[in-house]
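Descriptive structure summary
Listed below, chain by chain, are the residues.
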Amino acid sequence: MTDSVVLVHGLWLSGWSLVPLARRLRAAGFHVGVFSYPTLRGSLDGHAAALAAFLAHQPGPVTGVVGHSLGGLVALRALDLAPALPVERLLMLGSPVRGSRAAQALARLPGGRALAGPTLAQALQRGPRRPSQPVVIGMVAGSLGVGAGRLVTRFPGPGDGAVSLEETCWEGLDARLVLPVNHFGLLVSARVARSAARFLHTGRLESV
């Protein structure tokens, strides 16, 4: 049976941003679904509940979820809300599980809270919580510090231009891999896609 995975995009993006990654994962043998949501409206729990329903209504059991940035936080919350889902692996791409210096700086600017939206603020305020089901959780983080985050803040260490490496560290992770890409590059990099496919097949994160 073909393994099914669902992809979840990040802040300010839509399902179109996931096309390169979806194409590469299909070529690696996966059935791929894409969950899209309005990142600047609604609530974290609302989007997480919608994702859980989307996962439950796929044509076959979804064994893996890949979430980019905010999408990883939404996916983590969805698995927490729906522990009966048969998801075996969750891969986050540049998700700020330890907070977001860029989001905090953006919120201090005029109109910044509206630009960040309520979902990200709620996700960062709540903090990550590991789901109760035995899911393997991985993180691919980027170390190429070129991105919009540097327009609003200075990062104390390396990162992907929007999220620092420190912000992608969390004791709830089972595996973590750092690759030389920026925040958007996590979606379009062939190397990231190959590593994602390996993780989704085996539960191990390694550069391939």
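In this report, we go over the structure that sits alongside the text. Source: prediction; values computed, not measured.

1. Considering the sheet that holds strand E5 (residues 136–142)
If you walk across this open sheet you meet the six strands as E2-E1-E3-E4-E5-E6, and the pairing is parallel. Two strands lie at the open edges of the sheet, namely strand E2 (31–35) and strand E6 (175–179), each paired on one side alone. With direction set aside, neighbouring strand axes in the sheet form an average angle of 20°. Seen against the sheet, helix H1 (residues 19–27) touches strand E1 (4–8), E2, strand E3 (62–68) and strand E4 (89–93) and runs at an angle of roughly 170° to E1. Packing of helix H7 (residues 190–202) onto the sheet brings it into contact with E1, E3, E4, E5 and E6, and relative to E4 it is tilted by some 160°.

2. Focus: the layout of surface pockets
In this model, the second largest pocket occupies a volume close to 160 Å³. Considering the residues around the second largest pocket, the lining is formed by Ala-103, Gln-104, Ala-107, Arg-108, Arg-113, Ala-116, Gly-117, Pro-118, Leu-120, Ala-121 and Leu-124. In terms of residue count, helix H5 (residues 112–126) provides more of the lining of the second largest pocket than any other element does, seven residues in total. Split by residue class, the lining of the second largest pocket holds seven nonpolar, two polar and two charged.

3. Some details on the pattern of salt bridges
If you walk through the whole model with that rule in mind, you get seven salt bridges. Here Asp-80 and Arg-77 are joined by a salt bridge, their closest N and O atoms 2.7 Å apart. Of this pair, Asp-80 and Arg-77 both sit in helix H3 (residues 70–81), separated by three residues, roughly a single helical turn. For the pair Asp-80 and Arg-77, one class covers both residues: buried. Arg-198 is the salt-bridge partner of Glu-206, the closest N and O atoms lying 2.4 Å from each other. Taking relative accessible area as the criterion, Glu-206 reaches 28% and is therefore assigned partly exposed. The class of Arg-198 is partly exposed, set by a relative accessible area of 32%. Put simply, Asp-45, Arg-77, Asp-80, Arg-126 and Arg-129 are held in one network by salt bridges that share partners.

4. As for the packing of H1 against H7
At a minimum axis distance of 10 Å, the contact between H1 and H7 shows a crossing angle of 50°. Comparing their axes, H7 and H1 come out oblique. In the crossing of H1 with H7, the sense of the turn from one axis to the other is right-handed. On H7, the residues touching Leu-21, Arg-24 and Leu-25 of H1 are Ala-190, Ala-193, Ala-197 and Leu-200.

5. Focus: H5
Here H5 contains 15 residues, and its C-alpha end-to-end distance of 20 Å stays within 8% of the 21 Å for a straight helix at 1.5 Å per residue. Along its length, H5 reaches its greatest deviation from straightness, about 70°, at Pro-118. Regarding H5, the residues found buried are Gly-112, Ala-116, Gly-117, Thr-119, Leu-120 and Ala-123. Trailing H5 by a residue or two, Gly-127 shows a phi angle of about 80°, which is positive.

6. Quick word on the pairing of E4
Most of E4 sits inside the fold, with five of its five residues counted as buried. A two-sided burial pattern is seen for E4, the buried positions comprising Arg-89, Leu-91 and Leu-93 on one face and Leu-90 and Met-92 on the other. Pairing of E3 with E4 involves five bridges; the strand directions are parallel. From the neighbouring strand, Val-66 faces E4, where its bridge partner is Leu-91. For the segment spanning E3, H3 and E4, crossover handedness is right-handed. Where E4 meets E5, five bridges bridge the pair, whose relative direction is parallel. From the neighbouring strand, Arg-89 faces E5, where its bridge partner is Val-136.

Parameters and conventions
- Residues numbered from 1 in each chain as written.
- Predicted model: local features only at pLDDT ≥ 70, side-chain atom pairs only at ≥ 80, totals over all residues.
- Heavy atoms only, no water.
- Pairing = 2+ DSSP bridges.
- Helix = DSSP H or I, 4+ residues; strand = E, 2+ residues; numbered from the N terminus.
- Axes fitted to C-alpha atoms, helices over the stretch in contact; angles between N-to-C directions.
- Contact = heavy atoms within 4.5 Å.
- 1 Å grid on protein atoms, 1.4 Å probe; cavity = no way out; pocket = protein on both sides within 12 Å on 5 of 7 lines; lining within 4 Å.
- Points joined across faces, edges and corners; volume = space filled by probe spheres on them.
- Nonpolar A, V, L, I, M, F, W, Y, C, P; charged D, E, K, R; others polar.
- Salt bridge = Lys/Arg side-chain N within 4 Å of Asp/Glu carboxyl O.
- Buried < 20%, exposed > 50% of the residue type's maximum accessible area, 1.4 Å probe, protein only.
- Parallel < 35°, antiparallel > 145°, perpendicular 65-115°, else oblique.
- Left-handed = near helix turned anticlockwise from the far one by under 90°.
- Expected span 1.5 Å × (residues − 1).
- Bend = angle between axes of the 7 residues up to and from the residue.
- Right-handed = clockwise from strand over helix to strand, strands pointing away.

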